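An overview of the molecular structure
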Amino acid sequence: MTTSFIQGVLTGSIQSSTSVLYAALGEVIVERAGVINLGVEGSMLMGAVSGFMVTQQSGSAGLGIIVAALVAGLFNLILAYLVVTRKANQLASGLALMFCGLGLSALIGKPYVGQMINGLDPLPVPVLSQIPFIGPVLFNYDFLIYMMVPLAVLVWWVLFKTRWGLSLRAVGEDPTVAFAAGLRPKLIQYQAIFIGGLFAGLGGAHLSLAYAQTWSEGMTSGRGFIAVALVIFASWNPLKAVGGALLFGGALAFQLQLQARGADISPFLLDMIPYLLTLGVLLFMRNRKNAMPEGLKAVFEGTS
Amino acid sequence: MISTATLAQAGKQQGAALLRFLAILILALLVFAIVLLVFGKNPIEAYVDIFTSTIGSSYGWSEVLVKVIPLVLCATAVLLPARIGLVNVGGEGQLYIGALVASWGALAVADVMPGFLGLPTIIILGFIGGGLWAAIPAVLRAMGWLNETISTLLLNYVAILLVDYFVFGPLRDPSSANFPQSEPFPDAFRLPFLGSTRIHFGLIIATVVIAALYFVLNRTRWGYEMRAIGGNPNASRRHGMPISRYIIIIMFIAGGLAGLAGMGETMAIQGRLRPGFSPDYGYVGFLISWLAMHDPIGVVLMSFLIAIIALGGDTLQITQSMPFSSVNVLMSIILFIVLAKFSFGDIFKFFKKKEEATS
């Protein structure tokens, strides 16, 4: 194990975990409100394509990021209407949202396939980024990566330390009781799903503006689903989601680094690691089920 | 015994359901037409293209049937577990593993096994492959360890990667230079086609499956017990119903059906095992089952509709230079309308502004 290998794995895991973590943070908020969104993939794609288009047209990646978040947030309102207002099945609605995002983003983004942009560039932290090893591993990233941990802390603080967070979690446990306590469950769930979309949009924007710096149809390639798995893995805790996302990104980066060094292990077997790891962790810590918001249990049991 | 009165009642209900569905379809086509207009496409041309290329010719119809086969099988893989309250999102993975096991079997025994056993061999292997893959989440669920919704979803990715591994590794045809794929299957291990079309033996399998499901669900004790378990698992357990056994057997059969879909795609259509051969049949099957409210006959009708739309995507790609997946928008509009359970009564409700009392 050389230093450059370790450095490659570490920077790689941070870069490839960003989009997944943003989506997962959004999904934590949505699921804490008692709604599961299987359509994160679609919301991310809508964010990725709109962010790319705006950046390409305006030349401003910052504007692209804002638009990406808003578009994905608004897109998520379709889900909110279906599952909150119309009480539709959440799993089927989520998958329908995924297909909608897949198709709509392909349709919107067709003229932009293969176009070049001035994406989100790394902002090296002065002085600190010059430190050997630590500099490139910690202090040479783009804006969205720096915001990862602060935003995770913010989400944690909002969910667990504010009145709104308390209300949201109460709705996620039992909307009827929350209603009886004077809350407006439907409004809160709408807010949660919209904010979840904002985060998924940021994740998508990081993918198209920073990670790949290009747009291609279906470019999220399953990251939205990984985010859903990650939320369970992190037992609905935004801070644990950071660790989980790094683990996911780490497996991917490790695999890429091994391949780059010509290791004789099938990349496909290595690609399985994150999924098997999640299954293993879910099995190993199955008592964590207790952390699942009560309102979600009904969805998973098929009774809702 | 069912009286003629109830039969007439059922017929009337199905007629109403059909009418309602037609209304949904027209609404969805209108909404998608607006989407097309926004993107500067002519919706009338697009619809003419979609329908003439599919149901406008006998060739088009045959291609629709080819597409209906995997969709029906994948939808039944969702329908059956749904009857006992299980959510199988893993059809995609079960489809891949069914194809993998059938392919592996065909290539391994082709030299030693007499040809007439070829067809039963691949069918059984395809079924067992998908079934065992679904049995993993079923056992985890039956033990009360892990919810099947999550595990079936995660196992999809593992299954697709497993097929990649075999196609790029042990099963790779050495003579396939740039296209990773298995060696071609011997003729005896391929599903027979109907005449000169691409319609294959899977159509018979799918028809038998639907007939059998219809019979079992509506006319046997198993169907009754499944309904009881789906309705109230705790009460059923107290009445001594073997719920764990039901979970494992039902999921095994369901996975097997998805496996047959994968087997059909590789052993009939492709003729070799190729990576990533399924255009999300498993997920689309999930949605079809939901669209049909887990009814076997409804699944057949919805599969036809979705097959026409999906094939329309191929056509639009050529005639309107629209990306293939743009028809996903049309499909999702239909889903949204169905999931939202719109009815004509809603329009009156809207004007009356009747607010729901709870939450």
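Predicted model only: the values in this text are computed from it and were never measured.

**Points about the overall build of chain A**
Within chain A, the regular secondary structure consists of 14 helices and 2 strands. Whereas a compact globule of 304 residues would reach a radius of gyration of roughly 19 Å, chain A reaches 19 Å, a difference of no more than 12%. Seen through its principal axes, chain A has C-alpha atoms that stretch 60 × 45 × 40 Å. Burial analysis of chain A (304 residues in total) assigns 56% to the buried set. Put simply, chain A shows about 11,800 Å² of open surface, and 67% of that area lies on carbon and sulfur atoms.

**Digging into the overall build of chain B**
Along its length, chain B carries 14 helices and 0 strands. What you see in chain B, going N to C, is helices and strands ordered as α-α-α-α-α-α-α-α-α-α-α-α-α-α. Viewed in the frame of its principal axes, chain B has a C-alpha envelope of about 70 × 60 × 40 Å. Burial statistics for chain B: of 359 residues in total, 52% are counted as buried. Contacts in chain B between residues far apart in sequence, at least 24 positions, make up 78% of those at least 6 positions apart. Carbon together with sulfur atoms contributes 68% to the accessible area of chain B, which is approximately 16,400 Å² in total. Between the mean site of the 22 positive side-chain charges and the mean site of the 18 negative ones, chain B shows a separation of 13 Å.

**Structural notes on the side chain of Thr315 of chain B**
Residues and elements named next belong to chain B. Residue placement: Thr315 occurs in helix H12 (residues 296-319). Looking at Thr315, the relative accessible area reads 14%, which means it is buried. Setting aside residues up to four positions removed in sequence, Thr315 forms contacts with Asp49, Ser53 and Gln320.

**Description of the layout of surface pockets**
Where empty space is left can be seen by rolling a probe of water-molecule size over the atoms. Considering only enclosed or pocket space, the second largest pocket measures out at about 1,100 Å³ in volume. Lining of the second largest pocket is provided by 46 residues; of these, Glu41, Gly218, Ser221 and Gly222 of chain A together with Tyr157 of chain B occupy positions nearest its centre. Per-element accounting of the lining of the second largest pocket gives the leading share, 6 residues, to helix H11 (residues 238-260) of chain A. Here the lining of the second largest pocket is built from residues that sort into 28 nonpolar, 12 polar and 6 charged.

**Some thoughts on the interface of chain A and chain B**
Taken together, the 47 residues of chain A in the interface contact 50 residues of chain B. Both sides together, the interface formed by chain A and chain B hides about 4,500 Å², and carbon and sulfur atoms give 77% of it. Together, Phe99, Leu107 and Phe268 of chain A form the three largest contributors to the area buried by chain A at its contact with chain B, with a combined 16%. Between chain A and chain B we count 0 salt bridges in total. Sorting the residues of the side of chain A that touches chain B by element identifies helix H3 (61-85), helix H4 (90-109), helix H10 (223-233), helix H12 (267-271) and helix H13 (273-284) of chain A as the ones contributing at least two each.

**Some remarks on the packing of aromatic side chains**
Across all of its chains, the model carries 13 aromatic pairs over all chains by this definition. On the basis of an interplanar angle of 10° and a centroid distance of 5.8 Å, the ring pair of Phe225 of chain A and Tyr283 of chain B is categorised as stacked. Taken together, the residues span two chains, with Phe225 of chain A in helix H10 and Tyr283 of chain B in helix H11 (residues 281-291). Ring plane angle 50° and centroid distance 6.5 Å describe the contact between Phe32 of chain B and Tyr47 of chain B, whose orientation is recorded as tilted.

**Looking at the environment of Arg190 of chain B**
Residue and element names in this part refer to chain B. Looking at where Arg190 falls in the secondary structure, it is placed in the loop between helix H6 (148-168) and helix H7 (202-219). Not counting the four nearest positions on each side in its chain, Arg190 is found in contact with Leu119, Ile122, Phe185, Met267, Ala268, Ile269, Gln270 and Gly271. There is a polar contact of 2.6 Å between the side chain of Arg190 and the backbone oxygen of Ala268.

**Some remarks on helix H10 (residues 243-270) of chain B**
Residues and elements named next belong to chain B. With 28 residues, H10 extends 39 Å from end C-alpha to end C-alpha; this agrees with the ideal 40 Å at 1.5 Å per step. Burial analysis of H10 places 20 of its 28 residues in the buried class, the great majority of the element. Two residues or fewer past H10, Gly271 is found with a positive phi of approximately 80°.

**A short note on the confidence of the model for chain A**
Summing up the model confidence of chain A, the mean pLDDT is 88 and the portion of residues at 70 or higher is 96%. When the elements of chain A are averaged for pLDDT, helix H14 (residues 294-300) of chain A gives the smallest value, 76, and H3 of chain A the largest, 97.

**Here's the deal with the packing of H11 of chain A against H13 of chain A**
Residue and element names in this part refer to chain A. One can describe the packing of H11 onto H13 by two numbers: an axis separation of 9 Å at closest approach and a directional angle of 145°. Only Ile273, Pro274, Leu277 and Thr278 of H13 make contact with H11, whose side of the interface consists of Leu247, Phe248 and Ala251. Here the residues of the contact of H11 with H13 are counted per class, giving 6 nonpolar, 1 polar and no charged.

**Quick look at the side chain of Thr152 of chain B**
Residues and elements named next belong to chain B. Its place among the elements puts Thr152 in helix H6. Of note is the side chain of Thr152, whose polar atom sits 3.3 Å from the backbone nitrogen of Val89. Among residues more than four places away in sequence, those in contact with Thr152 are Val87, Asn88, Val89, Gly90, Gln94, Pro137 and Met251.

**A short note on a nonpolar patch on the surface**
Residues and elements named next belong to chain A. There is a patch of nonpolar side chains on the surface, built from Ile6, Leu10, Leu128, Ile131, Phe133, Ile134 and Leu138 and spanning about 510 Å² of accessible area. If you list the elements that add at least two residues to the nonpolar patch, you get helix H1 (3-32) and helix H5 (134-138). Within the secondary structure, Ile6 sits in helix H1.

**Considering the confidence of the model for chain B**
Looking at chain B as a whole, its pLDDT mean stands at 88, while 92% of the residues score no less than 70. Note that pLDDT drops below 50 for residues 353-359 of chain B; the model gives that stretch 7 contacts with residues more than four away or on any other chain.

**Things to note about the packing of helix H2 (residues 40-58) of chain A against H3 of chain A**
Residue and element names in this part refer to chain A. Here H2 crosses H3 at 150°, and the two axes come no closer than 7 Å. Crossing of H2 over H3 shows right-handed handedness. Listed contacts from H3 to Gly42, Ser43, Met46, Gly47, Ser50, Gly51, Val54, Thr55 and Ser58 of H2 are Ala61, Leu63, Gly64, Val67, Ala68, Val71, Ala72, Phe75 and Asn76. Each residue belonging to the contact of H2 with H3 can be placed in one class, and the counts come to 9 nonpolar, 9 polar and no charged.

Basis of the calculations
- Residues numbered from 1 in each chain as written.
- Chains lettered and ligands numbered in written order.
- Predicted model: local features only at pLDDT ≥ 70, side-chain atom pairs only at ≥ 80, totals over all residues.
- Heavy atoms only, no water.
- Helix = DSSP H or I, 4+ residues; strand = E, 2+ residues; numbered from the N terminus.
- Rg over C-alpha atoms; globule rule 2.2 N^0.38 Å.
- Buried < 20%, exposed > 50% of the residue type's maximum accessible area, 1.4 Å probe, protein only.
- Areas by Shrake-Rupley, 256 points an atom, 1.4 Å probe, with all protein chains shown as cover.
- Contact = heavy atoms within 4.5 Å.
- Lys, Arg positive; Asp, Glu negative; His and termini not counted.
- Charge placed at Lys NZ, Arg CZ, Asp CG, Glu CD.
- 1 Å grid on protein atoms, 1.4 Å probe; cavity = no way out; pocket = protein on both sides within 12 Å on 5 of 7 lines; lining within 4 Å.
- Points joined across faces, edges and corners; volume = space filled by probe spheres on them.
- Nonpolar A, V, L, I, M, F, W, Y, C, P; charged D, E, K, R; others polar.
- Buried area = accessible area lost by both parts, 1.4 Å probe.
- Salt bridge = Lys/Arg side-chain N within 4 Å of Asp/Glu carboxyl O.
- Phe/Tyr/Trp six-rings, centres within 6.5 Å; stacked < 30°, edge-to-face > 60°.
- Polar contact = N/O pair within 3.5 Å; in protein donor to acceptor, adjacent residues only side chain to side chain.
- Expected span 1.5 Å × (residues − 1).
- pLDDT = per-residue confidence, 0-100.
- Axes fitted to C-alpha atoms, helices over the stretch in contact; angles between N-to-C directions.
- Patch = residues over 30% accessible without salt bridge, like charges linked within 9 Å, V, L, I, M, F, W, Y side chains within 5 Å.
- Left-handed = near helix turned anticlockwise from the far one by under 90°.

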